[in-house]
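Per-entry structural report
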Amino acid sequence: MLGLGTKNIGIDLGTANTLVYVDGKGIVTNEPSVVAKNTQTGEIIAVGEEARAMIGRTPADIDAIRPMKDGVIADYDTTAAMLKYFMNKALGGKNNHPLVMICVPSGVTEVEKRAVIDAAKVAGAKEAYVIEEPYAAAIGAGLPVMDPTGSMVVDIGGGTTDVATISLGGIVSSRSIRMAGDKIDEAVIAYIRANFNLLIGERTAEEIKIQLGCASIEEAKKLDGMTIRGRDLLTGLPKTQDITAVDVANAIQETVQAIIEAIKDTLEETSPEIAADVIDHGIVLTGGGAQLKSLDSVISDATKVPVFVAQDPLECVAIGTGESLKNIDVLKKH
């Protein structure tokens with residue numbers, strides 16, 4: 001048994017954001033997965049929101065990095081330090097070696113799973129387990145995962161898009177592609193560079209995605225544009241530029257199509273019975289990418305299946321990860 005006063009916690013360790021769910025309290029932490037460290041000494045300067053504010057604005061000896069890339073650990077030591085910070089913060093500074101459940105993309109290798117478990121233990125977890133992201137998302141979205149009926153969930157995060165059909169407490173078919181929120185940001189940066197000779201940073205690209213991002217070029221025509229600032233590639237001087245939502249829609253089409261293809265591939269792999277259930281109940285979108293304007297209707301048009309955005313798309317995975325702690329004995333056997 002765990003010691004009295006120890007809270008079990010679920011962690012959505014995302015490429016873009018990390019959310020921590022504490023048993024009995026719900027989500028207590030939601031901060032960017034960013035760490036600022038001193039490149040000379042290796043000392044951690046800031047984590048989360050504070051570190052994100054430093055991106056692109058640090059002196060030479062401080063580097064603001066995202067230790068997770070494409071849903072997996074890219075920098076092990078920094079990820080462990082970040083996990084420790086978030087766990088301590090979530091538990092009010094009293095890290096009583098909790099039991100931790102962390103979600104991972106459905107396509108990760110055993111080595112990548114092991115790295116996540118080890119990082120959690122280094123950060124102070126008594127025991128650590130992993131749960132696949134689309135399964136956690138389905139639980140968080142309130143889908144009947146334990147029933148003998150097929151559900152389909154598409155979790156569009158920062159690093160990966162995870163697509164899965166789920167029935168009787170398990171994943172029936174799944175796809176995990178490294179085309180998600182970050183790729184949309186990169187596409188926006190590349191498009192603006194190519195079409196306007198303007199260099200913008202990650203944060204500006206994210207603001208453009210949130211304000212103007214639309215999966216449908218037709219629907220984008222109805223949206224207002226915005227004014228952005230960056231560096232002129234021809235003169236090297238700061239420059240202001242007006243862009244439209246159609247510009248952004250054109251920029252992100254490749255990523256949107258890749259997500260649609262992954263959904264189609266997953267549907268093709270499923271049994272006729274589950275395919276019929278999915279037509280009845282629809283596809284549920286979760287993750288930050290689910291908030292992209294018109295994405296649900298574009299996917300619905302391409303698949304001929306109803307598509308819905310979950311109630312709290314950003315929090316579904318964290319809620320599902322936390323809820324799964326109640327069935328820890330079942331998950332231990334997997």
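Quick caveat: nothing in here was measured; it's all calculated off a predicted structure.

Some remarks on helix α6 (residues 202-212)
At 3.6 residues per turn, the α-helix brings residues three or four places apart onto the same side. Residues of α6 that are buried: Ala205, Ile208, Lys209 and Leu212. Taken end-on, α6 shows its buried residues confined to a sector of 105 degrees, consistent with a single buried face. Its buried side turned inward, α6 meets α5 (181-196), β15 (226-232), β16 (238-243) and α8 (245-269).

Some details on the sheet that holds strand β1 (residues 9-13)
The strands making up a sheet associate through backbone hydrogen bonding, with each pair oriented either parallel or antiparallel. Read from one edge to the other, the open sheet built from five strands follows the order β3-β2-β1-β9-β10, with strand pairing classed as mixed. Edge positions in the sheet fall to β3 (26-32) and β10 (127-132), since each of these pairs with one other strand and no more. Looking at each pair of strands side by side, their axes are set apart by 20 degrees on average, direction ignored. Pairing geometry for β1 and strand β9 (residues 99-104), over three bridges, is parallel. Within the sheet, the bridge partner assigned to Ile9 lies in β9 and is Val100. Contacting β9 and β10, helix α3 (residues 110-122) crosses the sheet at an angle of about 145 degrees to β10. The sheet contacts of helix α4 (residues 133-140) involve β9 and β10, and relative to β10 the element is tilted by about 85 degrees.

Considerations on the sheet that holds strand β14 (residues 198-199)
Ordered in space as β14-β15-β16, the three strands form an open sheet in which the pairing is antiparallel. Each of the sheet's edge strands pairs with one partner strand only, and the pair in question is β14 and β16. In this sheet, β16 lies alongside β15 in antiparallel orientation, the contact comprising six bridges. Bridging across to β16, Gly230 finds its partner in Lys239. With respect to the sheet, α5 is in contact with β14, β15 and β16, its orientation differing from that of β16 by roughly 100 degrees. Sitting on the sheet, α6 is in contact with β15 and β16, with an inclination near 160 degrees to β15.

Thoughts on the nonpolar core
Inside soluble globular proteins, nonpolar side chains tend to come together where they are buried. Ranked by internal contacts, the top residues of the largest apolar core, which has 45 residues, are Ile192, Ile208, Ile243, Ile263 and Ile283. Those elements that provide at least two residues to this core are β11 (151-156), α5, α6, β15, α8, α9 (272-281), β17 (283-286) and α10 (295-303). In terms of residues, this core owes the most to one element, α8, which gives eleven residues. Contact partners of Ile243, with chain neighbours within four places excluded, come to Ile192, Phe196, Ile208, Leu212, Gly225, Met226, Ile228 and Val248. Listed in part, the 29 residues of the second largest apolar core include Met68, Val72, Ala80 and Val104.

Regarding empty space enclosed by the protein
Empty space among the atoms becomes apparent when a probe as large as a water molecule is rolled across them. Scanning the entire structure with this criterion turns up two cavities of 30 Å³ or more. Considering only enclosed or pocket space, the largest cavity measures out at about 40 Å³ in volume. Looking at the lining of the largest cavity, the elements with two or more residues in it are β8 (72-73), β9 and α3. Put simply, the second largest cavity is a space of about 30 Å³. Of the residues that constitute the lining of the second largest cavity, the class distribution is six nonpolar, one polar and no charged.

Details of the packing of α8 against α10
Two elements in contact, α8 and α10, have axes separated by 10 Å at closest approach and are oriented at 45 degrees. With respect to their mutual orientation, α8 and α10 come out oblique. Note that α8 runs across α10; the crossing there is right-handed. Of the residues in α10, those touching α8 at Val256, Ile260, Ile263, Lys264 and Leu267 are Leu295, Val298, Ile299, Ala302 and Thr303. When grouped by side-chain class, the residues that make up the contact of α8 with α10 number eight nonpolar, one polar and one charged.

Some points on the packing of α5 against α8
One way to put it is that α5 packs onto α8 with a least axis distance of 9 Å and a crossing angle of 130 degrees. By the angle class used here, α5 and α8 are oblique. Pair α5 / α8 crosses with right-handed handedness. On α8, the residues touching Lys183, Ile184, Ala187, Val188, Tyr191 and Phe196 of α5 are Asp247, Val248, Asn250, Ala251, Ile252 and Thr255.

Here we look at the layout of surface pockets
Each pocket or cavity is described by its volume, and for the largest pocket that value is around 910 Å³. If you go around the largest pocket, you meet 42 residues; those closest to its centre are Ala16, Asn17, Glu206, Gly288 and Leu314. Of all the secondary structure elements, the ones that give two or more residues to the lining of the largest pocket are β1, β2 (17-22), β3, β11, α5 and α6. If one sorts the elements of the lining of the largest pocket by residue count, α6 sits on top with seven residues.

Some details on the UniProt feature "binding site: ATP" (unreviewed entry) in the chain
In the numbering used here, UniProt assigns the "binding site: ATP" (unreviewed entry) feature to Thr15, Ala16, Asn17, Gly158, Gly159, Thr160, Glu206, Glu207, Ile208 and Lys209. Lining the largest pocket, from the set of annotated residues above, are Thr15, Ala16, Asn17, Gly158, Gly159, Thr160, Glu206, Glu207 and Lys209. Here Asn17 shows up in strand β2. Other than its neighbours up to four places away in sequence, Asn17 contacts Asp12, Asn30, Glu31, Pro32 and Ser33. Among the secondary structure elements, Lys209 is positioned in helix α6. Residue contacts for Lys209: discarding those within four places in its chain leaves Gly181, Ile184 and Asp185.

Thresholds applied
Residues numbered from 1 in each chain as written. Predicted model: local features only at pLDDT ≥ 70, side-chain atom pairs only at ≥ 80, totals over all residues. Heavy atoms only, no water. Buried < 20%, exposed > 50% of the residue type's maximum accessible area, 1.4 Å probe, protein only. Helix = DSSP H or I, 4+ residues; strand = E, 2+ residues; numbered from the N terminus. Arc of directions from axis to C-beta. Contact = heavy atoms within 4.5 Å. Pairing = 2+ DSSP bridges. Axes fitted to C-alpha atoms, helices over the stretch in contact; angles between N-to-C directions. Core = buried A, V, L, I, M, F, W, Y, C linked by side-chain atoms within 4.5 Å. 1 Å grid on protein atoms, 1.4 Å probe; cavity = no way out; pocket = protein on both sides within 12 Å on 5 of 7 lines; lining within 4 Å. Points joined across faces, edges and corners; volume = space filled by probe spheres on them. Nonpolar A, V, L, I, M, F, W, Y, C, P; charged D, E, K, R; others polar. Parallel < 35°, antiparallel > 145°, perpendicular 65-115°, else oblique. Left-handed = near helix turned anticlockwise from the far one by under 90°. UniProt positions renumbered as here; feature names shortened; annotations may be inferred.

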